[in-house]
Amino acid sequence: MLLQIALRKKASALTALVTAAAIALLPMPAAHAQAKGPPVLRDTETEQLLREYTRPILRVAGLEKQNIQMVIINDGSFNAFVADGRRIFVNYGAILQSDTPNQIIGVLAHETGHLAGGHLSKLREQLANAQTQMIIAMLLGAGAMVAGTTRGSNSAGNNGLANAGAAAIAGPQEMIRRTLLSYQRQQEENADRAGVKFLTATQQSPKGMYETFKRFTSESLFAARGADPYLQSHPMPAERVASLQEFASSSPYWDKKDDPALQLRHDMVRAKISAFMERPETVYRRYPQTNDSLPARYARAISTYLHGDLRSALAQIDALIQVQPNNPYFYEVRGQALLEGGKPAEAIPALRKAVALSNSAPLIEMLLGQALVGSDNKAYTDDAVRILRAAVAREPEASLGYMQLAMAYGRKGDYAEADLASAQAAYLRGDNKTARELATRAKTRFAVGTPGWVKADDIVAAKPPRN
């Protein structure tokens, strides 16, 4: 399921700042919520695949217990980066453009090299605890500043862009820009070497990393043409790729191929991303009717439901379920299609099946909770509260869960919990004024000192980040 958390806004300015790796994705249009801040995409299927890609690498890097999170950015360019020591940010375009699992795994290995090398150790604890969307917002501000200052200081438009970027990261957020711009060329090469080391230790080929970096040597991700190489935060392309090839090709796993089952899962996720993020005509060019593969059928089914033909989409999804009856994401898409098609009650059985098969994935639980609440059947209210509470406990940054939880509590007549959940949703969206107002009202409904009162008081007392 593709839950779009924030605005579909390009983040291309980031590439001027961050590490020279590349990657991306994560869609889920269960709720096209227009929230303030940068674009973050959520999808259980995609996130699970990325976690499986990174898990062995993090293990050999000694980071397995650090709870490193994958965050998918709504940007079609090929890029990935780290910013705070506990999150790897990936553009959806990186996954879409990676032909094989090994190509994106190589980039993830490079980013893990930055984490393991402590290349961001100067970031303050405040950043480590910051909300994901705030981090991306600050990075976007830094990117605007760099873009404005490197494209020519004589341009009024560029000066305006630089000034806007400066304003976006003023105050305590200035340290992010300084940290990102402090990347040394040697750190990038060290991250390359560490990535190859991690891949070799996990018996994976470093060829994908090399292929990816070589592919983009002529693009802005790795090269700023005409720039002084001594002013670059990353090594210049030719020397970097040559160095990478030299030590990567010596790996005993250089020619090792991806497992066919993993390749299929990779192709399924790419198809899903294409269907959710690209125009229908583009989807059908990538996956024409003559292509009868499972990924092609998946992409066409999603695109069909997104663009209005619910009956045909359900028939296509049911055909997919016949092929893989234990695939939770087929049931998830079926439920999502019905929910967004105005049939929440009919979506419930498919979403219950998806929850069961996915081992109670919290994002899918939120979708089920939304269907239960939307069904307008009060008999489902307690079930919705139970499911949504479990979901937000494991996904505390997903505002959708709190929004639906507030509606469920409201239906029960529990207005104290409804106000608190609404306040939490507003806080996560970055609407601090509304969050404080709702939390203040919630405090008057709870007994002083109770857990609900304490949570509401925390929101009231929270200091919003200075702009």
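The text that follows walks through the structure, step by step, so that each part is easy to find. (Residues numbered from 1 in each chain as written. Predicted model: local features only at pLDDT ≥ 70, side-chain atom pairs only at ≥ 80, totals over all residues. Heavy atoms only, no water.)

A look at the overall build of the protein chain
In terms of regular secondary structure, the protein chain is built from 22 helices and five strands. Within the protein chain, the fraction of its 467 residues that count as buried is 55%. Within the protein chain, residue pairs in contact and separated by at least 24 positions form 70% of the contacts whose partners lie at least 6 positions apart. By element, 49% of the accessible surface of the protein chain is carried by carbon and sulfur atoms, the whole surface being about 20,000 Å². (Helix = DSSP H or I, 4+ residues; strand = E, 2+ residues; numbered from the N terminus. Buried < 20%, exposed > 50% of the residue type's maximum accessible area, 1.4 Å probe, protein only. Contact = heavy atoms within 4.5 Å. Areas by Shrake-Rupley, 256 points an atom, 1.4 Å probe, with all protein chains shown as cover.)

Here we look at the packing of helix 20 (residues 415-429) against helix 22 (residues 451-461)
Where helix 20 contacts helix 22, the axes come no closer than 10 Å and their chain directions differ by 30°. In terms of their interaxial angle, helix 20 and helix 22 are classed as roughly parallel. Regarding helix 20 and helix 22, the two cross each other, and that crossing is left-handed. Together, Leu-420, Ala-423 and Gln-424 of helix 20 and Gly-452, Lys-455, Ala-456 and Ile-459 of helix 22 make up the contact between the two elements. When its residues are assigned to classes, the contact of helix 20 with helix 22 shows four nonpolar, two polar and one charged. (Axes fitted to C-alpha atoms, helices over the stretch in contact; angles between N-to-C directions. Parallel < 35°, antiparallel > 145°, perpendicular 65-115°, else oblique. Left-handed = near helix turned anticlockwise from the far one by under 90°. Nonpolar A, V, L, I, M, F, W, Y, C, P; charged D, E, K, R; others polar.)

A word on the nonpolar core
With 99 residues, the main nonpolar core has Ile-88, Leu-244 and Tyr-298 as its most contacted residues. If one sorts the elements of this core by residue count, helix 17 (residues 362-374) sits on top with eight residues. Contacts of Ile-88, omitting those with residues within four sequence positions, involve Ile-68, Gln-69, Met-70, Val-71, Phe-81, Val-82, Leu-108, Glu-111, Thr-112 and Leu-115. (Core = buried A, V, L, I, M, F, W, Y, C linked by side-chain atoms within 4.5 Å.)

A closer look at helix 3 (residues 101-116)
Compared with the 22 Å implied by 1.5 Å per residue over 16 residues, the 22 Å span of helix 3 between its first and last C-alpha is a close match. Burial of helix 3 is extensive: 15 of the 16 residues sit out of reach of the surface. (Expected span 1.5 Å × (residues − 1).)

A closer look at the packing of aromatic side chains
Enumeration according to the criterion identifies four aromatic pairs in this entry. Each ring, one from Tyr-298 and one from Phe-330, has its centre 5.2 Å from the other, and the planes form 70°; the classification is edge-to-face. Of the two residues, Tyr-298 is situated in helix 13 (residues 294-306) and Phe-330 in helix 15 (residues 328-340); the sequence distance between them amounts to 32 residues. Comparing Tyr-298 with Phe-330 shows no difference in burial state: the two are buried. (Phe/Tyr/Trp six-rings, centres within 6.5 Å; stacked < 30°, edge-to-face > 60°.)

Considerations on the pattern of salt bridges
Summed over all chains, the structure comprises 25 salt bridges. Arg-87 is the partner of Glu-397 in a salt bridge, and the nearest nitrogen-oxygen pair spans 3.9 Å. A residue pair is termed long-range when its members are at least 10 positions apart, and Glu-397 in the loop between helix 18 (381-394) and helix 19 (399-412) and Arg-87 in strand 5 (residues 87-91) qualify at 310 residues. Across the pair Arg-411 and Asp-376 runs a salt bridge whose closest N-O atoms are separated by 3.6 Å. (Salt bridge = Lys/Arg side-chain N within 4 Å of Asp/Glu carboxyl O.)

Some remarks on the environment of Val-196
Note on placement: Val-196 falls in helix 8 (residues 185-201). Assessed through its relative accessible area of 6%, Val-196 is described here as buried. In this structure Val-196 touches Pro-206, Met-209, Leu-244, Phe-247 and Ala-248, once residues within four positions along its chain are discounted.

Observations concerning the pairing of strand 3 (residues 69-73)
Among the five residues in strand 3, four count as buried, and that is most of the element. Of the strand pairs in this sheet, strand 2 (residues 40-42) and strand 3 are connected by two bridges, and their pairing is antiparallel. Looking at the pairing, Val-40 lines up with Ile-73 of strand 3. Pairing geometry for strand 3 and strand 5, over five bridges, is parallel. Pairing of Gln-69 across the sheet is with Arg-87, part of strand 5. (Pairing = 2+ DSSP bridges.)

Topic: unusual backbone geometry
With phi around 55°, Asn-67 is a residue other than glycine that occupies positive phi space. With respect to the element layout, Asn-67 can be found in the loop between helix 1 (44-60) and strand 3. Look at Asn-67 and you get exposed, because its relative accessible area is 56%. Even without being a glycine, Ser-360 presents a positive backbone phi close to 60°. Of note, Ser-360 is situated in the loop between helix 16 (344-357) and helix 17.

Points about helix 14 (residues 310-323)
In a regular helix each residue adds 1.5 Å, so 14 residues correspond to 20 Å; helix 14 covers 20 Å between its end C-alpha atoms and thus fits that length. Those residues of helix 14 that sit buried are Leu-310, Ala-313, Leu-314, Ile-317, Leu-320 and Ile-321. The arc enclosing the buried residues of helix 14, seen along the axis, measures out at 120°, which places them on a common side. Exposed residues lying more than 90 degrees from the buried face of helix 14 are Arg-311 and Gln-322. In the core, the buried residues of helix 14 are packed alongside helix 13 and helix 15. (Arc of directions from axis to C-beta.)

Some details on the pairing of strand 5
The buried fraction of strand 5 is high, at five of five residues. Neither face of strand 5 is left uncovered, since the one carrying Arg-87, Phe-89 and Asn-91 and the one carrying Ile-88 and Val-90 both have all their residues buried. Inspection of the sheet shows strand 4 (residues 80-82) paired to strand 5 by three bridges, in the antiparallel sense. In the sheet register, Val-82 faces strand 5, and the bridge partner there is Ile-88. The antiparallel hairpin formed by strand 4 and strand 5 contains four residues in its connecting segment, where Gly-85 sits at a positive phi of about 85°.

With respect to the environment of Leu-96
Summarising the element assignment, Leu-96 is placed in helix 2 (residues 92-97). Among the residues examined, Leu-96 registers a relative accessible area of 8% and is labelled buried. Along the chain, Leu-96 and Arg-270 lie 174 residues apart, while their C-alpha atoms are 5.0 Å from each other.

Limitation: the analysis is restricted to geometry and does not speak to function.
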